[in-house]
Amino acid sequence: MCNKRASQYHKVEIPPPQPFLKSLKNTLNEILFADDPFRKIRNESKTSKKIELGLRHVFPILEWARGYSLGYLKSDVISGITIASLAIPQGISYAQLANLPPILGLYSSLVPPLVYATMGSSRDLAVGTVAVASLLTGAMLGKEVNPVQNPKLYLHLAFTATFFAGLMQTCLGLLRLGFVVEILSHAAIVGFMGGAATVVCLQQLKGLLGLIHFTHSTDIVSVLRSIFSQSHMWKWESGLLGCCFLIFLLTTKYISKKRPKLFWISAMSPLVSVIFGSLFMYFLHDHFHGIPYIGELKKGINPPSITHLVFTSPYVTLALKIGIITGVIALAEGIAVGRSFAMYKNYNIDGNKEMIAFGVMNILGSFSSCYLTTGPFSRSAVNYNAGCKTALSNVVMAVAVAVTLLFLTPLFFYTPLVVLSSIIITAMLGLVDYEAALHLWRLDKFDFFVCLSAYLGVVFGTIEIGLILSVGISVMRLVLFVGRPKIYVMGNIQNTEIYRNIEHYPQATTLSCLLILHIDGPIYFANSSYLRDRIGRWIDDEEDKLRTSGETSLQYIVLDMSAVGNIDTSGISMLEELIKILGRRELKLVVANPGAEVMKKLSKSNFIESIGKERIYLTVAEAVTACNFMLHTAKPDSTVPEFNNV
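Predicted, not measured: the structure shown is a model, and the values here were computed from it. (Residues numbered from 1 in each chain as written. Predicted model: local features only at pLDDT ≥ 70, side-chain atom pairs only at ≥ 80, totals over all residues. Heavy atoms only, no water.)

Visitor: Residues and numbers for the overall build of the chain, please.
Guide: Regarding its fold elements, the chain presents 27 helices and six strands. Counting only C-alpha atoms, the chain reaches 105 × 65 × 55 Å along its principal axes. Across the 646 residues that make up the chain, the buried fraction comes to 52%. The long-range share in the chain, meaning contacts at least 24 apart out of those at least 6 apart in sequence, stands at 80%. When the accessible surface of the chain is split by element, carbon and sulfur atoms take 63% of a total near 30700 Å². Averaging the coordinates of the 55 positive side-chain charges in the chain and doing the same for the 44 negative ones gives two points 7 Å apart. (Helix = DSSP H or I, 4+ residues; strand = E, 2+ residues; numbered from the N terminus. Buried < 20%, exposed > 50% of the residue type's maximum accessible area, 1.4 Å probe, protein only. Contact = heavy atoms within 4.5 Å. Areas by Shrake-Rupley, 256 points an atom, 1.4 Å probe, with all protein chains shown as cover. Lys, Arg positive; Asp, Glu negative; His and termini not counted. Charge placed at Lys NZ, Arg CZ, Asp CG, Glu CD.)

Visitor: Residue-level account of the UniProt feature "domain: STAS" (unreviewed entry) in the chain, with values.
Guide: Residues annotated by UniProt as "domain: STAS" (unreviewed entry) correspond here to residues 504–627. The span residues 504–627 is 48% helix and 15% strand, and its two end C-alpha atoms sit 24 Å from each other. (UniProt positions renumbered as here; feature names shortened; annotations may be inferred.)

Visitor: Tell me about the pattern of salt bridges, residues and numbers included.
Guide: For side chains of opposite charge, pairing can occur when their charged atoms come near one another. Tallied over the full model, the rule gives 14 salt bridges. One salt bridge in this structure joins Glu-542 and Lys-545, with 3.6 Å as the shortest N-O distance. Note that Glu-542 and Lys-545 are positioned in helix H23 (residues 528–549) at a spacing of three residues, about one turn of the helix. One connected set of salt bridges, linked through shared partners, spans Lys-49, Glu-52, Arg-56, Glu-63 and Arg-66. (Salt bridge = Lys/Arg side-chain N within 4 Å of Asp/Glu carboxyl O.)

Visitor: Please set out the packing of helix H10 (residues 186–203) against helix H19 (residues 417–429) residue by residue, giving values where relevant.
Guide: Where H10 contacts H19, the two axes come as close as 9 Å, and the packing angle between them is 160°. Comparing their axes, H19 and H10 come out roughly antiparallel. Along this stretch, H10 crosses H19, giving a crossing that reads as left-handed. Only Ile-424, Ile-425, Met-428 and Leu-429 of H19 make contact with H10, whose side of the interface consists of Ala-197, Val-200 and Cys-201. Its residues assigned to classes, the contact of H10 with H19 shows seven nonpolar, no polar and no charged. (Axes fitted to C-alpha atoms, helices over the stretch in contact; angles between N-to-C directions. Parallel < 35°, antiparallel > 145°, perpendicular 65-115°, else oblique. Left-handed = near helix turned anticlockwise from the far one by under 90°. Nonpolar A, V, L, I, M, F, W, Y, C, P; charged D, E, K, R; others polar.)

Visitor: With reference to specific residues and values, describe helix H21 (residues 445–460).
Guide: Over its 16 residues, H21 extends 22 Å from the first C-alpha to the last, a length consistent with the 22 Å expected when each residue adds 1.5 Å. Turning to H21, its buried residues number three or more, namely Asp-447, Val-450, Cys-451, Ser-453, Ala-454, Gly-457, Val-458 and Val-459. Tucked into the core, H21 has its buried residues touching H10, helix H12 (220–228), helix H20 (434–443) and helix H22 (463–483). Near the N-terminus of H21, the side chain that reaches the backbone nitrogen of Phe-446, with its oxygen 3.0 Å away, is that of Asp-444. (Expected span 1.5 Å × (residues − 1). Polar contact = N/O pair within 3.5 Å; in protein donor to acceptor, adjacent residues only side chain to side chain.)

Visitor: So what about the sheet that holds strand E2 (residues 499–501)? Which residues, and what values?
Guide: Judged by pairing direction, the sheet is mixed, and its six strands sit side by side in the order E2-E1-E3-E4-E5-E6 without closing on themselves. Sheet topology places E2 and strand E6 (616–617) at the edges, where each strand pairs with a single neighbour. The pairing of strand E1 (residues 486–492) with strand E3 (residues 514–520) spans four bridges and is classified as antiparallel. Residue pairing in the sheet places Val-489 in a bridge with Leu-517 of E3. In the packing of helix H24 (residues 569–584) onto the sheet, the strands contacted are strand E4 (556–560) and strand E5 (588–592), and the crossing angle to E5 comes to about 140°. (Pairing = 2+ DSSP bridges.)

Visitor: Any details on the confidence of the model for the chain? Residues and values, ideally.
Guide: Detail in the predicted coordinates should be disregarded across regions flagged by low pLDDT. When pLDDT is averaged along the chain, the result is 86, and 95% of the positions lie at 70 or above. For the stretch residues 1–7, pLDDT sits under 50, and the model shows 13 contacts to residues farther than four places along the chain or on other chains. (pLDDT = per-residue confidence, 0-100.)

Take a look at the structure:
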């Protein structure tokens, strides 16, 4: 290696200059259109074909409807009816959770699924209301407006918050800003959802125990205090009936989990509970006065609500805040659920198109007496297990809900509230994913800390505190990744020209007089000072080790920049400062394997002239060979001879 000829060194090219506008266009394309969604349209020559492809891109129903078959219809009808049997009782239950009229849960399972079937790209997602968003809406809105004292304003603000949530979701999709939602890490979502599910389950003790007055706070201390301070108000009839239905629902869920082919048992059990609970109360309500029931549900499909949206101060700010927070949570949950089922069936969904679909369905929903909807996991899992083929199952579900609204709502008059509480608890227990938390503990302790912090923030604080902790810790970890990139010493794998981390490969050998450092990330203003100090510490450690062993003193520092994807002006200033620091210590800096973007900026900043062309090499092996050649042929204070490698 030491005898390698100078002419054999490869030239490190400087990328050809590009016009600013072209460079900006390429950068924006990479950021916003990484998947190149308009490739088919762009490559088509006929205008009519471009319009057709454009419509199919915006409305996926035009894509899958072309190859639709009778076999698909049978599967989708069965799936649609199955998820409708789950959507009806869940919808009523979740509306109660948001302190909204129960009928809104049914309204929200009519219009949004029809919109999603037209614009959504997932074949398996079943659209409807979700417990966490319902709890958020109820908790945040209930702090400012009392749903009992001012029900009309409360209802109108719920519609307005849904409108703002849909508007935000649509804007994120149109502007291709899907990565904003991904600021919530998987660990944060697991903890937040688990905490919210715990709070929801505890709050359902109000219904199970037949309590009328209950705290509006969501933290576990306030909820438990409210429950036990009213122990004299507990109604044994309500508790007994609720426990019976809860045991029934959990048993059916367990059977379906153990035998996936029997998924329909778990899917039908909420509706069965509602039917039997209603029959029980219809015949025996005179004997059980301690069990409250729903009462009258208005007949008919969704009335328009566009005129009820509130855009006046001070309520518009409240609706906007609730809309943004609940919209982000709903978006994160819906896209995650859609992607997980798409993975099982080996197809892709477009996250930005999903945002637009969710946004439009919530905007139109807010115009038609619906509150926030997304793709709940439990309903989508039933849809998937029922064998759905396309989004038509959502249409079938919406038709079934419409029939219920038109003809069957009087049948829910005697539905006990304890049944709804049991349905919610059963659904929420699935969101407390302790197996995922244990997996995080085994895999990454910091991720487990993120998960635990989000969980405790929700359970002992508020939903907002849990959300802030989730986002804050996720952002903090992102900053740590960028601000504290890994930097490690590299050694040579014997009889090769391969250099690797000596901690990863203990058999790799370090070279006398050389310290090879690998920087594992971009060099920005956020980490430039840290990298300078860390490199200095590595040099100090290496010199101490050489001094102790009596070996030859350190001469060259080789920086492997293969993982440095970009560098800013602060990073370049740090490298220039590093050259001066090393110069004072009679050490020389050598750069290996800089990327195109890095070379372009080093060239423009005149850094190459500052360090010398002879100290930039294409690979670590070539840099080491050049340094060894210099050490064996020249004095230590000589400069490395130029090998015409830049």
